[in-house]
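Chain residues, written in single-letter form:
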Amino acid sequence: MSVEFGFLLVQCLSGLASASSLFIIASGLTLVFGVTRIVNFAHGSFYMLGAYMAVTIVPWLLQIERSPTLFFAGVLISACVVGVLGVLMEILLLRRIYKVPELFQLLATFGVVLMVQDAVLHIWGPLDIAGPRAPGLRHGVMILDQRFPAYDLFLIAAGPVVLGLLWLLMHKTRFGILLRAATRDRDMVGALGVNQALLFTGTLFLGAFLAGLGGALQIPRVSASAQMDLSIITEAFVVTVIGGMGSIGGAFLAALLIGQLQAFGVLIFPKITLVLVFLLMALVLVVKPWGLLGRPENAAGLSALPEGIMQPRGFAAAEKLLVLLAVLAAAAVPIFGDTYAIKVATEVLIFALAAFSLNFLVGNGGIVSFGHAAYFGLGAYASGLLVTKLGMPMEPALIAAPLVGGLFAALFGFFIVRLQGIYLAMLTLAFAQIAYAVCFQWVEVTGGDNGIVGVWPSAWAASHSTYHYIVLVAAGLGIFALRHVIYAPFGASLRAARDSAPRAEAIGIDVRAHRWLGFTIAGAAAGLAGGLYAFSKGSIDPTLLGIPLSVDFLAMILLGGMQTVMGPVLGAAAFHSIKDVFMPLTDHWRFLLGASIIALVLIFPRGLGGAYAALRARLSGGAP
Amino acid sequence: MDSIFFRRRALLAGGAGLAAAAAAGRGAAAQGAPIRIGELNSYSRMAAFCIPYRNAMRMAAERINAAGGVMGGRRLEFVFRDDGSTPSDAVRVAEELLTRENVSFIAGTFLSNVGLAVADFANQRKRLFFATEPLSDALTMAQGNRYTWRLRPSTFMQTRMLVEAARGRTQKRWAIVAPNYEYGQSAAANFKRLIGGAIPGAEIIAEQYPALGRVDAGATVGALAQARPDAIFNVLFGPDLTAFVREGNTRGLFERRLVLSMLTGEPEYMIPLGDETPEGWIVTGYPWDQVEGAAHRAFVEAYRARFNDTPRKGSLLGYVTVQVLANLLNQANSLDNEVLVDTLRDLRTETVVGNVTMRGIDQQGSMGTWVGETTQRNGQGTMRNARYADGADFMFPEEEVRAARRA
């Protein structure tokens, strides 16, 4: 019996060690979000850089003397270097875009992620680098007949120590008090004459330092590798959201929960660790919409004016001509272009529909979805499975795609639209990850991560050009219909609910029902796009529901301009073309993609559509 | 293998492409329209494997061209592309290679889902797809098609090599730890199926499937140790492996336990283990410093001289790939993909690792890999008692292939 207890205790300690590491990283993320309201995707990159710095600096120091002091000095130096990199990012990039929509800042940090990935590969090479173990902490300690790493005991202590130091910083220093004030009401802090630029720079230093520290402390446990950024960032987000964005104590609590969930989860469900944390996040958000210790704020991720489509204008004569030309150009691709051009054009049309449906939510409804690819992917799976498993022809399978996409959007949306701001966005992510995990794990039906091949169109539509016209008609009608809804009273009601839910309620709009229906419509349109995509690729697999594709969709609407109705179409074309141009050029295409995203964010802070609208306003002499 | 016999054969080989060159005359440069082959792979995401792979391919192609090219004096050219590491990107890139770059056929891919999607695309377009790296059994079995051929030993073959190496051992209680995706799952399934044949009475008493790239090493090692297995079958690789090995070393998980481990002896995964490399695991891998055969040693020396780095498993695969493809082109003497596919059927090529036959029935190459035990030398991991396991001895039984590919 005592053996059994010893095992449970050690398993619990393992969970605590993971929790400590996770907390150190997540505390930085939650701090940065609390103050700057930036959802910093690059936080995972800082974590990775911390580990790479440490595997470079620490061995060098240990050559002088193998002492624990030098080991931890090296860890702290690495974290400081990463902190300075955080400052650089703030000064060079973020400072220029505090005034642009918050989602744009997210996109810029995502550009940083792509650039750092390739830079790391370039600087440190593709091989994983294992760091040295901590001198004096290499051994195992016997705990009730079980051997437990001494270094993990140190980590268990490190988390609460960091928590304590942060508490002291937040409550006993002027900088900390300002941080807390800015987390509560950043505009008020600015109005009181606090130097915001300095405050934000300091916050970014602290946030990046904590991420770097988290990474550097991991080197005795894991090797530094170029994939560690994305593997940590989702978990760090989950921790901050479960704890309540901006709440350090909440992050600590959430990290403890997740650490124990994983330590004991592997005993009971060894196969679903992938999704366990997202199930927990969905559960917490459904019950506590602001996380465990977060507070409901008037801001809640919308501290500035509402962003999005303000007054949709109809097409002027010139624009009608442009639309006509665009449709004609799309229709002419099969006549003048080669097979590859047709294929790319088909994909652009499909992505245009998906991006348009996302902007229907984001730009028009103020419902920021981080998991829009879920409905795209579910539509693709619906079509693919009907064709390959039930032997249905393409036509009914394509009709099923929007139905299934819409059905799941209605199901998930029921819970999602009850939330607001960043919490809503994270719940969309959680549901998307759950759907992803089901497609990934349910091998008998979905083919697991290999997916299913052989999803090809019916014989009459098999040629690239015929299928291109099918997509042109389907995507065109989809976009046209959604556009019509934006201009219809329903679209106006969605905008009213976005800009002020209480006022919309007051004039008799059922806000929740409107948002729910809007979410369902967007999901159905994404599902149709997914079905079309499946037949153009011939295969389905879980990457169609993955976070990277959701981020791509966001990038498309932001590049196109989420304030404009037709911008997302432009954005889809631009984004896909950039990727298509850079991928064949070099192995470092991700670096170039990231750089061009950042360049576009800096040059066109309102997207390409916004730039066009400004141009039109200037030409006609009116106000923008 | 008889070493004298091997050396003579290797001397004859040294790249089948060179045979044509010898006829054309020493040093004669290739002439005529170049033959272009599209190569798509995860150069960005799986750089540790794919960059050495591409290095060796370039080296091999240069050597062949310097010696007179293929098909009676035509240059061999590879057009390299990143496959984006997702099926949808890869299918688009494959289309681009065929349409814009006018490649004769395509080769490459690393991830199994990417390989399967490109295979189906190749089948649809009726173009040859020479899959080099994806390990999924499905590629040559249930989802095999006329146009898709694979060179590297599949998951089944490598599992079988390890299980055979454990034959005669007495460990009955086994634990499995594998990454939670197709490669890990099918390695585990193959192992469950085969281990009883090698060790009668063997049973699986614990299984752990951590998510790829995010193993919670402490919890996983704790759960495995608690089951008290006699032996462990490990499929983790890359960063997961390093974390698992470190945690296991500290907690004594591997003490007095037999461990079979997939791919761990490949330099890509062995180098990061460094002085933590465990002692005495039975692994598949590539001990480049211990290979036999003059041609292979010459390749290792040439690679080291050229790139100032030791060859990886990817390097060897890249070089052998080009040797097989050059031989294919010389034998077929045509770029018609139907002719190429027919020529590949049971095509024998003398490569740096010896004879490689593309078995016709499941379109799987007989290239093998090395099986041996891990050990440390000067704080670096290496293999001892390693021997080359010829893939031909470990393939799926023919009746099983017929049943699987009938559909």
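In this text, all values refer to a predicted model and were calculated from it rather than measured experimentally.

Novice: In this structure, what is going on with the overall build of chain A? I would like to understand it.
Specialist: When helices and strands are counted, chain A shows 25 helices and 4 strands. A compact globule built from 624 residues would reach a C-alpha radius of gyration of about 25 Å, and chain A, at 25 Å, matches this within 12%. C-alpha extents for chain A along the principal axes are approximately 75 × 60 × 50 Å. The buried share of chain A, reckoned over its 624 residues, is 59%. Across chain A, every contact between residues at least 6 apart in sequence was considered, and the portion connecting residues at least 24 apart equals 80%.

Novice: What is the right way to read the overall build of chain B from this model?
Specialist: When its secondary structure is counted, chain B shows 14 helices and 15 strands. Computed over C-alpha atoms, the radius of gyration of chain B comes to 21 Å, within 12% of the 22 Å expected from 2.2 N^0.38 for 407 residues, which places it in the range of a compact globule. Taking the principal axes of its C-alpha atoms as reference, chain B extends roughly 65 × 45 × 40 Å. Looking at the 407 residues of chain B, the share that counts as buried comes to 64%. Expressed as a percentage of contacts within chain B between residues at least 6 apart in sequence, the contacts between residues at least 24 apart total 71%.

Novice: What is the right way to look at the pairing of strand S9 (residues 258-265) of chain B in this model?
Specialist: Working note: regular strand, side chains alternate between the two faces of the sheet. Residues and elements named next belong to chain B. Along S9, 7 of the 8 residues are buried, which leaves the element largely enclosed by surrounding structure. As judged from the 4 bridges shared by strand S8 (residues 231-234) and S9, these two strands associate in the parallel manner. Bridging across to S9, Ala231 finds its partner in Leu258. As a crossover connection, the stretch from S8 through helix H9 (residues 238-251) into S9 is right-handed. Across 3 bridges, S9 lies against strand S10 (residues 282-285) in parallel orientation. Bridging from a neighbouring strand, Ser261 pairs with Val283 of S10.

Novice: Mind showing me how you'd approach the interface of chain A and chain B here?
Specialist: Quite often, the size of an interface is put as the accessible area lost when its parts meet. Opposite the 55 residues of chain A that make contact, chain B presents 60 residues. Looking at the side of chain A that touches chain B, the element that brings in the most residues is helix H1 (residues 2-36) of chain A, giving 7 residues.

Novice: Can you help me understand unusual backbone geometry in this one?
Specialist: Leave glycine aside and you will find that most residues have negative phi; peptide bonds, for their part, are mostly trans. A positive phi angle, close to 70°, is found at A:Asp145, a residue other than glycine. By secondary structure assignment, the location of A:Asp145 is in the loop between strand S1 (140-143) and strand S2 (146-149). Overall, A:Asp145 belongs to the exposed group, with 11 C-beta atoms counted inside 10 Å. Even without being a glycine, B:Met71 presents a positive backbone phi close to 50°.

Novice: When you look at the domain arrangement of chain B in this model, what are you seeing that I'm missing?
Specialist: Residue and element names in this part refer to chain B. Domain boundaries assigned for chain B yield domain 1 (3-154 + 291-368) and domain 2 (157-289 + 370-393). Using only C-alpha atoms to locate each centre, domain 1 and domain 2 end up separated by 29 Å. Contact with domain 1, which involves 22 residues of that partner, is made by 16 residues of domain 2. The element contributing the most residues to the side of domain 1 that touches domain 2 is helix H12 (residues 313-332), with 3 residues. Among the residues making up the side of domain 1 that touches domain 2, the classes are represented as 10 nonpolar, 9 polar and 3 charged.

Novice: What am I meant to see in the packing of helix H13 (residues 339-365) of chain A against helix H23 (residues 567-585) of chain A here?
Specialist: The description of two helices packed together rests on the angle between their axes and the distance between the axes. Residue and element names in this part refer to chain A. At a minimum axis separation of 8 Å, H13 and H23 run at an interaxial angle of 135°. As far as their axial angle goes, H23 and H13 are oblique. Crossing of H13 over H23 shows right-handed handedness. For the pair H13 and H23, contact is made by Val344, Glu347, Val348, Phe351, Ala352, Ala355, Phe356 and Asn359 and by Pro568, Val569, Gly571, Ala572, Ala573, His576 and Asp580, respectively. By residue class, the composition of the contact of H13 with H23 is 10 nonpolar, 3 polar and 2 charged.

Novice: So what exactly am I meant to see when it comes to the pairing of strand S1 (residues 35-41) of chain B here?
Specialist: Residues and elements named next belong to chain B. Of all 7 residues making up S1, 6 are buried, and the element is well covered by its neighbours. As paired elements, S1 and strand S2 (residues 76-82) share 7 bridges and run parallel to each other. Residue Gly38 lies in a different strand from S2, and its bridge partner there is Val79. Each parallel crossover has a hand, and for S1 linked through helix H3 (residues 47-66) to S2 it is right-handed. Both S1 and strand S3 (residues 105-108) contribute to a ladder of 4 bridges, which runs parallel. Bridge pairing links Glu39 to Ala107 in S3.

Novice: Would you mind showing me how to read the domain arrangement of chain A here?
Specialist: All names here are of chain A. With domains assigned, chain A is organised as domain 1 (2-263) and domain 2 (321-620). Just the C-alpha atoms count here: the centres of domain 1 and domain 2 sit 34 Å apart. Facing 22 residues of domain 1, the contacting portion of domain 2 comprises 21 residues. Contributing elements (two or more residues each) for the side of domain 1 that touches domain 2: helix H4 (102-124) and helix H9 (228-243).

Novice: Mind showing me how you'd approach the confidence of the model for chain B here?
Specialist: Caution is warranted with low-pLDDT regions, since their predicted coordinates should not be read in detail. All names here are of chain B. For chain B, the average pLDDT comes to 90, and 92% of its residues sit at 70 or higher. This stretch, residues 1-29, has a pLDDT under 50; its non-local contacts, to residues over four places away or in other chains, come to 48 contacts. For this predicted complex, the interface score ipTM comes out at 0.87, while the overall pTM is 0.89.

Novice: Sorry, what's going on with the nonpolar core here?
Specialist: Considering soluble globular proteins, one finds that nonpolar side chains tend to be buried as a cluster. Residues and elements named next belong to chain A. With 356 residues, the main nonpolar core has Leu107, Ala255, Met281, Ala352, Leu353, Met426 and Ala529 as its most contacted residues. Counting residues per element, this core draws most heavily on helix H16 (residues 421-441), which supplies 16 residues. Filtering out sequence-adjacent residues up to four positions away, Met281 remains in contact with Val238, Val241, Ile242, Met426 and Ala430.

Novice: Looking at this structure, I do not really get H4(A). What am I missing?
Specialist: Residues spaced three or four apart along an α-helix face the same direction, because each turn holds 3.6 residues. Residues and elements named next belong to chain A. An ideal rise of 1.5 Å per residue puts 33 Å on 23 residues; H4 measures up with 33 Å between its terminal C-alpha atoms. Here H4 lies mainly inside the structure; 19 of its 23 residues are buried. In the segment just after H4, Gly125 is the residue with positive phi, at about 85°.

Novice: Just to check I follow, could you spell out the sheet that holds S9(B) for this structure?
Specialist: For sheets, the rule is that strands pair by backbone hydrogen bonds, running either parallel or antiparallel. All names here are of chain B. The sheet built from 7 strands is open, its strands ordered S7-S6-S8-S9-S10-S14-S15 with mixed pairing. Two strands close off the open sheet at either side, each with one partner strand: strand S7 (203-208) and strand S15 (380-389). Averaged over all adjacent pairs, the angle separating strand axes in this sheet is 30°, with direction ignored. Pairing analysis gives 5 bridges linking strand S6 (residues 173-177) to S7, with the strands arranged parallel. The partner of Arg173 across the bridge, within S7, is Glu203. Contacts from helix H8 (residues 217-226) reach S6, S7 and S8 within the one sheet, and its direction differs from that of S7 by about 165°.

Novice: Sorry if this is basic, but what is going on with helix H14 (residues 373-389) of chain A here?
Specialist: All names here are of chain A. In this model H14 runs 23 Å from its N-terminal to its C-terminal C-alpha over 17 residues, within 8% of the 24 Å that 1.5 Å per residue would give. For H14, a buried count of 15 out of 17 residues is recorded, marking the element as mostly surrounded by other parts of the structure. Immediately beyond the C-terminal end of H14, within one or two residues, lies Gly391, with a positive phi of roughly 65°.

Reading guide: rules and limits
Residues numbered from 1 in each chain as written. Chains lettered and ligands numbered in written order. Predicted model: local features only at pLDDT ≥ 70, side-chain atom pairs only at ≥ 80, totals over all residues. Helix = DSSP H or I, 4+ residues; strand = E, 2+ residues; numbered from the N terminus. Rg over C-alpha atoms; globule rule 2.2 N^0.38 Å. Buried ≥ 20, exposed ≤ 12 C-beta atoms within 10 Å, placed from the backbone. Contact = placed C-beta atoms within 7 Å. Pairing = 2+ DSSP bridges. Right-handed = clockwise from strand over helix to strand, strands pointing away. Domains from an automatic or database assignment. Nonpolar A, V, L, I, M, F, W, Y, C, P; charged D, E, K, R; others polar. Axes fitted to C-alpha atoms, helices over the stretch in contact; angles between N-to-C directions. Parallel < 35°, antiparallel > 145°, perpendicular 65-115°, else oblique. Left-handed = near helix turned anticlockwise from the far one by under 90°. pLDDT = per-residue confidence, 0-100. Core = buried A, V, L, I, M, F, W, Y, C linked by C-beta atoms within 7 Å. Expected span 1.5 Å × (residues − 1).

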